[in-house]
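Close look at the chain arrangement
Residue strings, one per chain:
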Amino acid sequence: MRIGLVAAPWIPIPPAGYGGIERVVDSLARGFIAAGHEVLLAAASDSTCPAPRVPGMRPSEPAALGFTLSELSHVIRAYEGLGDVDIIHDHTLAGPLLARRRSAAPVVTTIHGPLTPASADLYRAMAADTAIIGISRDQASRVPDVPITRVIHHGMDVSAVPVGSGAGGYVCFVGRICPDKGVLEAIHIARRAGIPLRIAAKMREPEEIAYFRSVIEPLLGSNEDFMGELEDTDKFQLMGEAMAFLNPIQWSEPFGLVMIESLSTGTPVVGTPIGSAPEIVDHGKTGYLAPTDSLHTFLPLAAQLDRAHCRDRALKLFSTERMVGNHLDLYTKLLETSPLPGVPDVSHVGQNQTGRAVIGPSDRARSLAGGHEEGAHP
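Everything in this summary refers to the structure shown in the same document. Nothing here was measured: the structure is a model prediction, and the numbers come from that model.

Turning next to the overall build of the chain. Scanning the chain for helices and strands turns up 14 helices and 14 strands. The 378 residues of the chain split such that 55% are buried. Put simply, 65% of the contacts in the chain that link residues at least 6 apart link residues at least 24 apart. Accessible surface for the chain amounts to roughly 15,600 Å². Of this, 55% is attributable to carbon and sulfur atoms.

Written out as structure tokens, the structure reads:
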């Protein structure tokens, strides 16, 4: 297949620091290439992902994060440069709505954020001619009338992550500074357990800085070590030596990539049982999930869990190979059947017994079918 990938304009692929969506796009691009497919990546021009890229894209614009004009001009350039790809996987919000006027190829999009009433309206509109991927069953259940084509959990290159000993004598929090991520709760939980806490967190946006200055910084004491935002090498070192990863999220997070990062190092996760957490953490085996006010009791227990089992679960369920295989299976099925309005394969249109047009697989799509099954390696 010749696969077009569209990333958002604000952060390079891969990110130097925080950026879960960008890490997923990078893993997909590398995984598709490793599986023998061609990739054309539309991303910020300062990206370092080894995939061939659409020319003429602008450098990353972190200061414009979330701004509509920035995204719209980016996706217009992206679709102009994608050419004759077989399928487009667009990870932006605006792109799939533009695609119906600019692309003859099937388009897939992933819902990376929460399904709010406003975003649900957009995805309902997209669903007319776009295949929609959810990233957790919990996310997909939030707005049942949004048609989710398939739920595919994120993955990562687990084999590239070093396994830690868990002997550091501390627990860690890794995320960003905001109320939803539970950094305030993490401080109180670690103190109640009498265990030192090391905090590695993104703090770039004005609201993050304001929350840190007004709420978190005045609270920091001798039990906490605030380390700021870490690059991957230091982050995995921090996670790997922690006795547990503390993840007391306070919202229904669609998918917690940081949890599979921790499991990859062998470190169990202790957190709240909301959002995607129960789909990632096996309670009593790879961590513990409980209400915030009781999490302090589980930190010592987590240190006794089998770290090899945590690593093994990450390898089996959350690898890049599994994620790539799931995506290729979906792409192949879309190219075999061309089910989306606006992209019919007219060379194989027939009629069923009701007289309605039936779209069959083209010869090219047949040749692309590689027998990829859900969860299989490509």
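Next comes the rest of the description.
The next point concerns the pairing of strand E10 (residues 244-247). Within a regular strand, side chains alternate between the sheet's two faces. Of the two faces of E10, both are covered, the one formed by Ala244 and Leu246 as well as the one formed by Phe245 and Asn247. Here two bridges tie strand E7 (residues 171-176) to E10, and the two strands are oriented parallel to one another. The residue of E10 that forms the bridge with valine 171 is alanine 244. Here three bridges tie E10 to strand E11 (residues 269-271), and the two strands are oriented parallel to one another. Note that in E11 the partner of phenylalanine 245 across the bridge is valine 269.

Right, let's get into the side chain of aspartate 26. Relative to the helices and strands, aspartate 26 resides in helix H1 (residues 20-34). What makes aspartate 26 buried here is its relative accessible area of 8%.

On to the environment of leucine 41, then. Within the fold, leucine 41 resides in strand E2 (residues 38-42). Note on leucine 41: relative accessible area 0%, which makes it buried. The spacing of leucine 41 and histidine 89 is 48 residues in sequence and 9.8 Å in space, taken between C-alpha atoms. The contacts of leucine 41, once residues within four sequence positions are left out, are Leu5, Ile13, Val25, Cys49, Ala51, Pro52, Arg53 and Val54.

Spatially, the six strands line up as an open sheet ordered E9-E8-E7-E10-E11-E12, and their pairing is parallel. Edge positions in the sheet fall to strand E9 (224-228) and strand E12 (287-289), since each of these pairs with one other strand and no more. Adjacent strand axes in the sheet meet at a mean angle of 25°, parallel and antiparallel pairs treated alike. Across three bridges, E11 lies against E12 in parallel orientation. Its bridge partner lying in E12, valine 270 is registered against tyrosine 288. Across the sheet, helix H6 (residues 183-193) touches E7, strand E8 (197-202), E9 and E10, and the angle it forms with E8 is around 175°. The strands that helix H8 (residues 232-241) touches are E7, E8, E9 and E10; relative to E7, the one it contacts most, it runs at about 145°.

Rules used in this analysis
- Residues numbered from 1 in each chain as written.
- Predicted model: local features only at pLDDT ≥ 70, side-chain atom pairs only at ≥ 80, totals over all residues.
- Heavy atoms only, no water.
- Helix = DSSP H or I, 4+ residues; strand = E, 2+ residues; numbered from the N terminus.
- Buried < 20%, exposed > 50% of the residue type's maximum accessible area, 1.4 Å probe, protein only.
- Contact = heavy atoms within 4.5 Å.
- Areas by Shrake-Rupley, 256 points an atom, 1.4 Å probe, with all protein chains shown as cover.
- Pairing = 2+ DSSP bridges.
- Axes fitted to C-alpha atoms, helices over the stretch in contact; angles between N-to-C directions.

So, to be careful, I would describe these as geometric facts and stop short of saying anything about function.
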